[in-house]
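# Understanding the architecture of this molecule
Chain residues, written in single-letter form:
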Amino acid sequence: MKVYIIALLLLMTFRFEKGFSQCFGTEKKDSTDIYLFSLMKYCDQYLGKTSLSSPTILVENNYFITEGLPDNVRGYKVRYVYNSDIKSELSGKKNVTVVRIVPLMVKGDDFSVSVIPFSVTYSKKNFNYVNGGGLGVSFEYDTQSKCLTFKECKRGNI
């Protein structure tokens with residue numbers, strides 16, 4: 001009887017750990033969306049270490065990525081902006097930070113989404129984007145659950 005209980009506990013522990021690996025994709029605009037998850041990681045790991053003059057994040061609008069994402073992420077207000085919006089945001093300011101979410105990239109077994117803050121200025125009818133580093137969010141394909149699972153985040157020059 002004791003052997004059965006120990007085996008059952010070990011099996012439950014294994015399943016409990018596996019149950020915590022969340023599956024990610026691009027179909028649903030909820031916490032399983034890789035783009036929302038990557039933006040949340042950016043807020044946690046990048047913005048948590050910097051001071052924002054405004055609790056609002058400007059995110060470059062990309063219909064395929066940002067459509068349906070929430071207006072509040074990790075306590076920050078998020079505004080999805082086009083170039084025309086950026087120009088008006090710059091009114092009276094030297095520059096603004098605009099975050100770009102780069103579409104899912106696949107390189108071998110590595111699946112990643114980059115979240116890159118740009119310092120944007122406007123002069124002589126041109127926008128100038130200066131890369132501010134960024135965050136790479138990596139995923140791996142789990143053959144058992146047949147989905148993408150979170151692997152790691154890397155800060156730095158993306």
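Residues numbered from 1 in each chain as written. Predicted model: local features only at pLDDT ≥ 70, side-chain atom pairs only at ≥ 80, totals over all residues. Heavy atoms only, no water.

### Focus on the nonpolar core
Soluble globular proteins: nonpolar side chains tend toward being buried together. How we decide: Buried Ala, Val, Leu, Ile, Met, Phe, Trp, Tyr and Cys residues form a nonpolar core when they are joined through side-chain atoms within 4.5 Å. Summary of the burial criterion: residues with accessible area below 20% of their type's maximum are buried, those above 50% are exposed, and those between are partly exposed, where the area comes from a 1.4 Å probe applied to protein chains only. Secondary structure elements follow DSSP: runs of H or I of four or more residues count as helices, runs of E of two or more count as strands, with numbering from the N terminus. Whether two residues touch is decided by their heavy atoms; if any such pair falls within 4.5 Å, the residues are in contact.
Counting 29 residues, the largest nonpolar core has Tyr42, Val59 and Phe139 as its most contacted members. No other element matches the eight residues that helix H2 (residues 34-45) contributes to this core. Those residues in contact with valine 59 that lie beyond four places of it in its chain are Leu39, Thr66, Val78, Arg79, Tyr80, Val81, Val98, Val99 and Ile101. In terms of nonpolar packing, the next biggest core, distinct from the first, is built from ten residues, Leu58, Ile116, Phe118 and Val120 among them.

### Examining the environment of isoleucine 86
By the secondary structure assignment, isoleucine 86 is in helix H4 (residues 83-89). Judged by relative accessible area, isoleucine 86 falls into the buried class, the value being 0%. Sequence separation between isoleucine 86 and phenylalanine 127 is 41 residues, and the spatial gap between their C-alpha atoms is 9.0 Å. Other than its neighbours up to four places away in sequence, isoleucine 86 contacts Val81, Val96, Val98, Val120, Phe127 and Tyr129.

### Concerning the layout of surface pockets
Stated formally: Every definition here rests on a 1 Å grid over the protein atoms only: cavities are sets of points where a 1.4 Å probe fits but cannot get out, pockets are open sets enclosed by protein on both sides within 12 Å along at least five of seven lines, and lining residues have some atom within 4 Å of a point. Grid points are joined across faces, edges and corners, and a volume is the space filled by probe spheres set on the points. Gly falls in the polar group here, along with every residue not listed as nonpolar (Ala, Val, Leu, Ile, Met, Phe, Trp, Tyr, Cys, Pro) or charged (Asp, Glu, Lys, Arg).
Of the voids in this model, the second largest pocket is the one considered here, and its volume is about 190 Å³. Around the second largest pocket, the lining comprises eleven residues; the ones closest to its centre are Met105, Asp110, Ser112, Ser114 and Ser138. The set of elements that each furnish at least two residues to the lining of the second largest pocket consists of strand E4 (96-107), strand E5 (110-123), strand E7 (135-142) and strand E8 (147-155). Residues of the lining of the second largest pocket, tallied by class, amount to three nonpolar, four polar and four charged.

### Side note on H2
Formally: Expected span of a helix, by definition, is 1.5 Å for each gap between consecutive residues, and there is one gap fewer than residues. Contacts described as polar in this section are N or O atom pairs within 3.5 Å, which, within protein, must combine one atom able to donate a hydrogen with one able to accept it, while residues neighboring in sequence count only if both atoms come from side chains.
Compared with an ideal rise of 1.5 Å per residue, which puts twelve residues at 16 Å, H2 spans 16 Å between its outermost C-alpha atoms and is within 8% of the ideal. Of all twelve residues making up H2, ten are buried, and the element is well covered by its neighbours. Measuring from the backbone nitrogen of tyrosine 35 back to the side-chain oxygen at the start of H2 gives 3.0 Å, which picks out aspartate 33 as the cap.

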